[in-house]
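Topology and contacts: notes
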There are 2 protein chains.
Amino acid sequence: MTTEASETGMRMAELAARSGLSVATIKYYLREGLLEPGRRTSVNQAVYSEVHLERLRLIRALATIAGLPLSTIRDVVHSVAADSSVLEAMALTQDAVVGSAGSVAESDTDGAPREAATIVDEVIRARGWQCEPGSPAYVAAVRAVEGLADEQLASVLEHIDDYAHAADAVGRTDLHTIVEAQTRDEMIRGAVLGTVLRRPLLEALVLLAQQHHAREMLSDRSHE
Amino acid sequence: MTTEASETGMRMAELAARSGLSVATIKYYLREGLLEPGRRTSVNQAVYSEVHLERLRLIRALATIAGLPLSTIRDVVHSVAADSSVLEAMALTQDAVVGSAGSVAESDTDGAPREAATIVDEVIRARGWQCEPGSPAYVAAVRAVEGLADEQLASVLEHIDDYAHAADAVGRTDLHTIVEAQTRDEMIRGAVLGTVLRRPLLEALVLLAQQHHAREMLSDRSHE
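An account of the accompanying structure is given in this report. Residue indices begin from 1 for each chain and proceed along its sequence in written order. Key to labels: chains lettered from A, ligands numbered from 1, both in the order written. Reporting of local features is limited, given that this is a predicted model, to residues whose pLDDT is at least 70; pairs of side-chain atoms are given and counted only at 80 or more, and all residues count toward the totals for whole chains, interfaces and linings. Each side-chain value is derived from all of the structure's non-hydrogen atoms; neither hydrogens nor water enter the calculation.

**Thoughts on the relation of the copies chain B and chain A**
These two copies of the chain differ by a rotation about an axis and a displacement along the same axis. Using the following cut-off: Copy-to-copy superposition: least squares on the C-alpha atoms, limited to residues that have pLDDT of at least 70 in both copies. Any pair of residues with heavy atoms lying within 4.5 Å of one another is described as a contacting pair.
When chain B is fitted to chain A, the best match, at an RMSD of 0.0 Å, comes from turning it 180° and sliding it 0.0 Å along the axis. Both chain copies can therefore be described as sitting about a two-fold axis. Minimal C-alpha separation from the rotation axis in chain B is found for Ala166(B), amounting to 2.5 Å. The fraction of interface residues of chain B whose copies in chain A are also interface residues reaches 100%, indicating that both copies meet through the same surface.

Structure below.
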């Protein structure tokens with residue numbers, strides 16, 4: 001982590017301006033223990049470093065972009081700060097982001113038909129993915145398969161391997177964007193924003209690709 | 001379209017049972033002109049065919065899965081029934097589904113910074129996609145790029161070609177699932193459900209792929 005800036009340091013006003021958060025909000029995060037105290041320079045003055053700024057950017061991403069509650073943000077921030085592995089912090093972050101998505105509010109796989117879970121397990125096996133068995137992401141996949149089965153969309157499920165192939169490329173690219181980060185805080189922030197903000201980008205690009213392939217595959221059927 | 005079943009036909013009760021809609025709802029669709037009247041067999045009896053059932057399944061998908069308002073459903077259904085091309089019906093359907101997603105509620109590209117549009121244009125050009133220039137999908141892509149630029153997520157935008165490559169595979173697979181349908185109604189229903197219900201499936205698969213690639217790319221950084 002860069003510590004050069006901590007020699008001189010930032011006043012609270014500059015920290016607020018650079019993080020895009022109000023002084024009141026930053027003081028709240030300090031009281032709640034989400035942000036480490038600054039270095040005291042007098043009785044009522046402290047200076048903050050680039051490390052503080054990065055932490056605030058991470059908290060802001062978790063709060064405003066991912067919409068996580070404070071208790072969850074605390075867990076993620078403590079995991080990033082603690083001596084746990086980056087992989088553990090990543091897993092916790094993903095679980096928090098997926099868990100808050102609503103679609104998997106109650107993560108009871110017990111209620112899910114065995115068939116949907118079998119389909120997801122087979123996809124994971126076929127791709128050779130090493131996954132967390134009961135994670136919110138896994139539950140979300142089972143739920144999605146159930147939703148398709150309910151609507152008798154067999155054609156989508158028949159092509160699930162093609163979707164998994166494309167998903168593999170997306171997940172790999174996500175990780176490439178994340179590992180380029182210089183610090184843990186930036187890496188976790190990248191994981192959150194990458195997932196949350198990349199989602200609408202990918203979906204919009206898929207729709208544009210649909211337009212193209214519709215033109216190619218359907219134009220000969222124009223007036224059937 | 002199959003017309004064999006119309007020889008005998010279904011009573012209203014059977015149509016309700018097979019479509020999963022109440023008799024009251026079906027009568028409402030009949031009054032609103034979304035569903036063609038059945039064949040009269042007596043003063044107060046009519047029979048319905050498989051064609052009616054397919055139309056009801058399409059309306060149900062547009063209403064309950066895509067959450068579209070009745071006026072939009074009318075436009076889509078009339079486009080499917082009219083002598084317009086399948087491609088036109090598809091484009092109208094996609095616009096309706098994307099437009100209702102909320103993220104592109106006001107589709108003014110005027111407010112969008114030129115830079116974001118340039119990035120999207122470059123992706124479309126690089127992939128050789130034939131797209132609708134001002135479509136809701138295009139606006140959604142520009143908005144997504146803006147959102148990433150606002151958060152200074154340059155790393156995601158640097159990999160946008162990789163995401164576009166994966167999106168192309170997804171869009172092509174979507175079309176494959178759609179063109180397998182036997183009738184226009186089923187094709188448009190497939191386009192709606194394929195997009196709306198395939199979305200959470202793809203995103204969940206991406207998360208599982210993230211878990212796998214995180215393990216591969218981050219495990220050596222465990223305690224840095």
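**Let's talk about helix H6 (residues 114–127) of chain A**
Cut-off, in case you're wondering: Secondary structure counts use DSSP, requiring at least four H or I residues in a row for a helix and at least two E residues in a row for a strand, with both numbered from the N terminus. A helix is expected to span 1.5 Å for every residue after the first. Working definition: with a 1.4 Å probe on protein chains only, accessible area under 20% of the residue-type maximum means buried, over 50% means exposed, and in between means partly exposed. The arc under discussion is defined with respect to the helix axis, by the directions toward the C-beta atoms.
End to end, H6(A) covers 20 Å across 14 residues, agreeing with the expected 20 Å (1.5 Å per residue, within 8%). Considered for burial, the residues of H6(A) that qualify are Ala116(A), Ala117(A), Val120(A), Val123(A) and Ile124(A). Along the axis of H6(A), the buried residues cluster in a sector spanning 120°; they form a single face. Seen from the open side of H6(A), the exposed residues pointing more than 90 degrees away from its buried face are Arg114(A), Glu115(A) and Arg125(A). In this structure, the buried residues of H6(A) make contact with helix H7 (136–150) and helix H9 (160–179) of chain A together with helix H10 (184–218) of chain B. With its phi angle positive at about 70°, Gly128(A) sits one or two positions after the end of H6(A).

**What about helix H10 (residues 184–218) of chain A?**
Structurally, the α-helix is built with 3.6 residues per turn, so residues lying three or four positions apart point the same way. Residue and element names in this part refer to chain A. Put simply, the rule is: The quantity called bend is, for any residue, the angle between two axes fitted respectively to the seven residues ending at it and the seven beginning at it.
For H10, built from 35 residues, the straight-helix expectation of 51 Å at 1.5 Å per residue is met to within 8% by its first-to-last C-alpha distance of 48 Å. Of all the bends in H10, the greatest reaches close to 40° and is centred on arginine 198; the proline proline 200 follows between one and four positions later. Taken across its 35 residues, H10 has 29 buried, putting it largely inside the fold.

**As for the interface of chain B and chain A**
Our working rule: Buried area adds together the accessible area that both of two parts lose upon being put together, with accessible area traced by a 1.4 Å probe. One speaks of a salt bridge when a side-chain nitrogen belonging to Lys or Arg is within 4 Å of a carboxyl oxygen belonging to Asp or Glu. Classes in brief: Ala, Val, Leu, Ile, Met, Phe, Trp, Tyr, Cys and Pro nonpolar; Asp, Glu, Lys and Arg charged; the others, Gly included, polar.
Between chain B and chain A, the contact holds 84 residues from the first and 84 residues from the second. A combined buried area of about 8,000 Å² lies between chain B and chain A, and 68% of that area is made up of carbon and sulfur atoms. The interface formed by chain B and chain A holds 6 salt bridges in total. The shortest N-O distance in the salt bridge between Arg198(A) and Glu203(B) comes to 3.3 Å. Elements represented by at least two residues in the side of chain B that touches chain A include exactly helix H3 (50–65), helix H5 (86–99), helix H6 (114–127), helix H7 (136–150), helix H8 (154–158), helix H9 (160–179) and H10 of chain B. If one sorts the elements of the side of chain B that touches chain A by residue count, H10(B) sits on top with 27 residues. Partitioned by chemical class, the residues of the side of chain B that touches chain A number 44 nonpolar, 22 polar and 18 charged.

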